[in-house]
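Survey of secondary and tertiary structure
Residues per chain, in single letters:
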Amino acid sequence: MYAVRVPVLMYHRVGDAHNEWEGRYAIAPRDFAAHMRQLARKGYQAVTIDALVDWLEGGPPLPAGAILVTFDDGFRGVREHALPVMEHLGWPFTVFLVSDLIGQEDLWTRDANPDGVTYPLLDADEIRDMQRRGVSFHSHTRSHASLPTLDDSTLAEQLAGSRQALSHLLGHGVPYIAYPFGHVDARVEAATRAAGYRAAFSTQSGFNRRDVNRFRIRRIDVYGTDTASMLLRKIRLGSNDGSLGHAVRYYLNQLKRRLPGARA
């Protein structure tokens, strides 16, 4: 059995949340471990980012239950808490790095977080160690700016400058990018192609079939408040809403469409 649609999971920080705002973006280590164990029990299997993009471009098939696990921003907690879990399962994953802030903190969240708190990001040595252990790293631009708000020259520098810096750090090309905040429009997409990227990841929810726009690959946003059961519902429905009520409404609507006399 082979995959016909592949979900991509989007995590951010792995660590405890200290207020409601952080609860959207930070998942407790024990909850992340529960997520991965549940996926493994249900027959899911993480694949590499290269394998996903190869498949989207018509390459080798992926197994049924294939998923891609990604982390935006490059928080240190990913190394401390997620890496051991993924190594135990033998699962690959990808981290999108903000190249100008490596070894610093998530300064772009200071105004948004009600407590004004920031958290440490991976430094160069930690990134190289994780790379040796099978983790792939790609671009999240230079400074985590909202790309559609930038003029053309600044936009190009955010895209190309990050690729160049990360290529130097990692010792290989950097063909993939995740748009900060998921902000993308036609101009940003064109600039991303022009900067030499092979594919780009959005925050639009849904499944990825082979006909998906490779510069707007869809991802399911995993919240810190999601239980393992909620995550499974998100994956099965291709939705950011993992509530039981949403699942019930979805299946009822599917049933109604199959009833005699239902409109096509």
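Structure first, text after, so check above.
Residues numbered from 1 in each chain as written. Predicted model: local features only at pLDDT ≥ 70, side-chain atom pairs only at ≥ 80, totals over all residues. Heavy atoms only, no water.

Here A17 lies in the loop between β2 (13–14) and α1 (20–25). Once residues lying within four places of it in the same chain are set aside, the contact partners of A17 are E22, G23 and A26. (Helix = DSSP H or I, 4+ residues; strand = E, 2+ residues; numbered from the N terminus. Contact = heavy atoms within 4.5 Å.)

Our next topic: the packing of aromatic side chains. As enumerated under the stated definition, the model contains six aromatic pairs in all. For the ring pair F32 and F71, a centre distance of 5.7 Å and an interplane angle of 55 degrees mean the geometry is tilted. Residue F32 is found in helix α2 (residues 29–41), and its partner F71 is found in strand β5 (residues 66–73); the two are separated by 39 residues along the sequence. Like F71, F32 is buried. Ring pairs connect the aromatic residues Y11, F32, F71 and F93, which therefore count as one cluster. Taking the ring centre of F207 as reference, the NZ or CZ of R5 above it sits at 3.7 Å. The ring of Y119 has R13 lying over it, and the distance from NZ or CZ to the ring centre is 3.7 Å. (Phe/Tyr/Trp six-rings, centres within 6.5 Å; stacked < 30°, edge-to-face > 60°. Buried < 20%, exposed > 50% of the residue type's maximum accessible area, 1.4 Å probe, protein only. Lys NZ or Arg CZ within 6 Å of the ring centre and 35° of its normal.)

Attention now moves to the nonpolar core. Considering soluble globular proteins, one finds that nonpolar side chains tend to be buried as a cluster. Y11, F32, L39, F71 and F93 are the most contacted members of the largest nonpolar core, which totals 36 residues. Of all the elements in the fold, those that place two or more residues in this core are β1 (8–11), α2, β5, α4 (76–89), β6 (94–97), α5 (124–132), α6 (152–170) and α8 (228–237). With sequence-adjacent residues up to four places away left out, L39 is seen in contact with L9, Y44, I67, W91, L231, L232 and I235. Judged by nonpolar contacts, the second largest core, of 19 residues, contains I49, L68, F201 and I217. (Core = buried A, V, L, I, M, F, W, Y, C linked by side-chain atoms within 4.5 Å.)

Let us look at the pattern of salt bridges. For the structure on display, the rule yields 18 salt bridges. Of the charged contacts, one joins R198 and E57 as a salt bridge, the two residues approaching to 2.8 Å between their closest N and O atoms. With R198 in the loop between α7 (186–194) and β9 (199–201) and E57 in the loop between α3 (49–56) and β5, this pair connects stretches of sequence that are 141 residues apart. Accessibility expressed as a relative area gives 40% for E57, which makes it partly exposed. A salt bridge links R193 to E189; the nearest nitrogen and oxygen atoms lie 3.1 Å apart. (Salt bridge = Lys/Arg side-chain N within 4 Å of Asp/Glu carboxyl O.)

A few words now on a positive patch on the surface. A surface patch of like charges, here positive, comprises R37, R41, K42 and R236. Looking at the element boundaries, R37 is found in helix α2. Owing to a relative accessible area of 45%, R37 belongs among the partly exposed residues under this scheme. (Patch = residues over 30% accessible without salt bridge, like charges linked within 9 Å, V, L, I, M, F, W, Y side chains within 5 Å. Areas by Shrake-Rupley, 256 points an atom, 1.4 Å probe, with all protein chains shown as cover. Lys, Arg positive; Asp, Glu negative; His and termini not counted. Charge placed at Lys NZ, Arg CZ, Asp CG, Glu CD.)

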